[in-house]
Amino acid sequence: MTVSIVHRATGTGLTIGMLFFCWWLGALASGPAGYAAFLDVFTYQSGKLNVIGWIVGVGLTLTLFQHMASGVRHLFMDAGDNFELRANKTTAWLTFGFAIVATAAFWTALLLETPHV
Ligand code: HEM
């Protein structure tokens, strides 16, 4: 039940995330001033992420990995698999575990690659 509610919430979250993505694409296309205005919201003058940048960045990453994991699990259940109670509960918990580990791995790799973030 919880993973189903979280799946709907993360689907909604990703849809809102698409607004940020479109804003980023629009800022890129609009030239230096437009892109600087976008960066001002999510970074300090130094170029490092500010609090909003961290919350939106890590939040959307976690949301995507959680929705992806529970979505794949959902597709297996749509195909008639994973209805045995114990296995069903195990895979539900695995979606949360995957999302946290994948988010941590993604941001660790990003920070190692771009230490100025
Ligand atoms: C990353 C790969 C993704 C997978 C595997 C996936 C899988 C799924 C599945 C299987 C459902 C249907 C669940 C159901 O029938 O209750 C679903 C629902 C949904 N997905 Fe995704 N999805 C993915 C990416 C996205 C993205 C990128 C967005 C938005 C930008 C999104 C938004 C939604 C929304 C809004 C719903 C409806 C949620 C609900 O009302 O319960 N999904 N997804």
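Rules and cut-offs
Residues numbered from 1 in each chain as written. Predicted model: local features only at pLDDT ≥ 70, side-chain atom pairs only at ≥ 80, totals over all residues. Heavy atoms only, no water. Helix = DSSP H or I, 4+ residues; strand = E, 2+ residues; numbered from the N terminus. Rg over C-alpha atoms; globule rule 2.2 N^0.38 Å. Buried < 20%, exposed > 50% of the residue type's maximum accessible area, 1.4 Å probe, protein only. Lys, Arg positive; Asp, Glu negative; His and termini not counted. Charge placed at Lys NZ, Arg CZ, Asp CG, Glu CD. Near = heavy atom within 4 Å. Polar contact = N/O pair within 3.5 Å; in protein donor to acceptor, adjacent residues only side chain to side chain. Nonpolar A, V, L, I, M, F, W, Y, C, P; charged D, E, K, R; others polar. Donors = N, O, S within 2.8 Å, 3.2 Å for Na, K, Ca; no water. Axes fitted to C-alpha atoms, helices over the stretch in contact; angles between N-to-C directions. Parallel < 35°, antiparallel > 145°, perpendicular 65-115°, else oblique. Contact = heavy atoms within 4.5 Å. Phe/Tyr/Trp six-rings, centres within 6.5 Å; stacked < 30°, edge-to-face > 60°.

Q: Requested: an account of the overall build of the protein, with residues and values cited.
A: From N to C terminus, the protein includes 4 helices and 0 strands. The linear arrangement of helices and strands in the protein, starting from the amino end, is α-α-α-α. Relative to the 2.2 N^0.38 estimate, which gives 13 Å for 117 residues, the radius of gyration of the protein is 17 Å and therefore markedly larger than a compact globule would have. If you line up the protein on its principal axes, its C-alpha atoms span 55 × 25 × 20 Å. In the protein, which comprises 117 residues, the share counted as buried stands at 26%. Of the side chains in the protein, 5 bear a positive and 5 a negative charge, and the two mean positions are spaced by 10 Å.

Q: Now, about the site of the ligand: what can you tell me, with residues and values included?
A: Neighbouring the ligand are the residues His7, Arg8, Gly11, Leu14, Thr15, Met18, His67, Met68, Gly71, His74 and Leu75. Within the side chain of Arg8, a nitrogen or oxygen atom sits 2.8 Å from an oxygen atom of the ligand. Within the contact set of the ligand, a nitrogen atom lies 2.9 Å away from a side-chain nitrogen or oxygen of His67. The set of elements that each furnish at least two residues to the shell around the ligand consists of helix H1 (2-29) and helix H3 (51-78). Looking at the shell around the ligand, its residues break down into 4 nonpolar, 6 polar and 1 charged.

Q: Before we move on, can you summarise the coordination of the iron atom of the ligand with the specific residues and values?
A: By definition of the ideal shapes, four donors in a tetrahedron about a metal sit 109.5 degrees apart, and six donors in an octahedron sit 90 or 180 degrees apart. Inspection of the coordination sphere of the iron atom of the ligand shows a single protein donor, His67 (NE2), at 2.1 Å. Mapped onto the elements of the fold, His67 is located in helix H3.

Q: I'd like to hear about the packing of H1 against helix H4 (residues 85-113), residue by residue, with values.
A: Two elements in contact, H1 and H4, have axes whose closest approach is 10 Å; the angle formed by their N-to-C orientations is 40°. Comparing the axis directions of H1 and H4 gives the class oblique. From H1, Thr2, Val3 and Val6 reach across to H4, where they touch Ala92, Thr95 and Phe96. Taken together, the residues of the contact of H1 with H4 sort by class into 4 nonpolar, 2 polar and no charged.

Q: If you had to explain the packing of aromatic side chains to someone new, which residues and values would you point to?
A: Two aromatic rings, taken as a pair, are described by how far apart their centres are and by the angle between their planes. Following the criterion strictly, the structure yields 11 aromatic pairs and no others. For the ring pair Phe20 and Phe42, a centre distance of 6.1 Å and an interplane angle of 65° mean the geometry is edge-to-face. On the criterion of sequence distance, the pair formed by Phe20 in helix H1 and Phe42 in helix H2 (residues 32-42) is long-range, its members being 22 residues apart. By relative accessible area, Phe20 is classed as partly exposed at 29%. With a centroid separation of 6.1 Å and an interplanar angle of 15°, the aromatic rings of Tyr35 and Phe38 are classed as stacked. Placement of the pair is Tyr35 and Phe38 together in helix H2, with a separation of 3 residues, close to one helical turn. By relative accessible area, Phe38 is classed as buried at 10%.

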